[in-house]
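# Structure at a glance
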Amino acid sequence: MTSRTGKTRNARKIRKARKGKARKRREQNKGTTPKFPIHKD
């Protein structure tokens, strides 16, 4: 059985890793390039 401290540390690590995943997924699906043309040659 793991200690309570170990559980807490592990949970914090997982929570920290999960932060921003939704935003990253949203940007990946939508695309991050702007709608206006960049090169106006």
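Now for a quick tour of the structure. (Residues numbered from 1 in each chain as written. Predicted model: local features only at pLDDT ≥ 70, side-chain atom pairs only at ≥ 80, totals over all residues. Heavy atoms only, no water.)

## As for the overall build of the protein chain
Rules: Helical segments are the DSSP runs of H or I of at least four residues, strand segments are the runs of E of at least two, and each set is numbered from the N terminus. Here the term buried applies to any residue with accessible area under 20% of the maximum for its type, exposed to any over 50%, and partly exposed to those in between, with areas from a 1.4 Å probe on protein chains only. Every accessible area reported is derived by Shrake-Rupley at a probe size of 1.4 Å, with residue values counting cover from the shown protein chains alone.
A tally of regular secondary structure across the protein chain gives two helices and zero strands. Each of the 41 residues in the protein chain was classed as buried or not, and the buried ones make up 0%. A total of about 4700 Å² of accessible surface is found on the protein chain, and carbon and sulfur atoms cover 52% of it.

## So, helix α2 (residues 21-30)
Among the ten residues of α2, zero are classified as buried, and the element is accordingly described as predominantly exposed. Remark: G31 follows α2 within two positions and exhibits a positive phi of approximately 95°.

## Thoughts on the pattern of salt bridges
Note the cut-off: Any carboxyl oxygen of Asp or Glu that lies within 4 Å of a side-chain nitrogen of Lys or Arg is treated as forming a salt bridge with it.
According to the stated counting rule, one finds one salt bridge in the structure shown. Its salt-bridge partner being R23, residue E27 comes within 3.4 Å of it at the nearest N-O pair. Remark: R23 and E27 occur in helix α2; sequence separation between them is four residues, near one turn of the helix.

## Overview of helix α1 (residues 4-18)
Definition in use: To estimate how far a helix should extend, the number of its residues minus one is multiplied by 1.5 Å.
For α1, which comprises 15 residues, the first-to-last C-alpha distance of 21 Å matches the rise-based estimate of 21 Å (1.5 Å per residue) to within 8%. The positive-phi residue at the C-terminal boundary of α1 is G20, with phi of around 85°.

Everything listed here is a matter of coordinates, which is why it stays silent on function.
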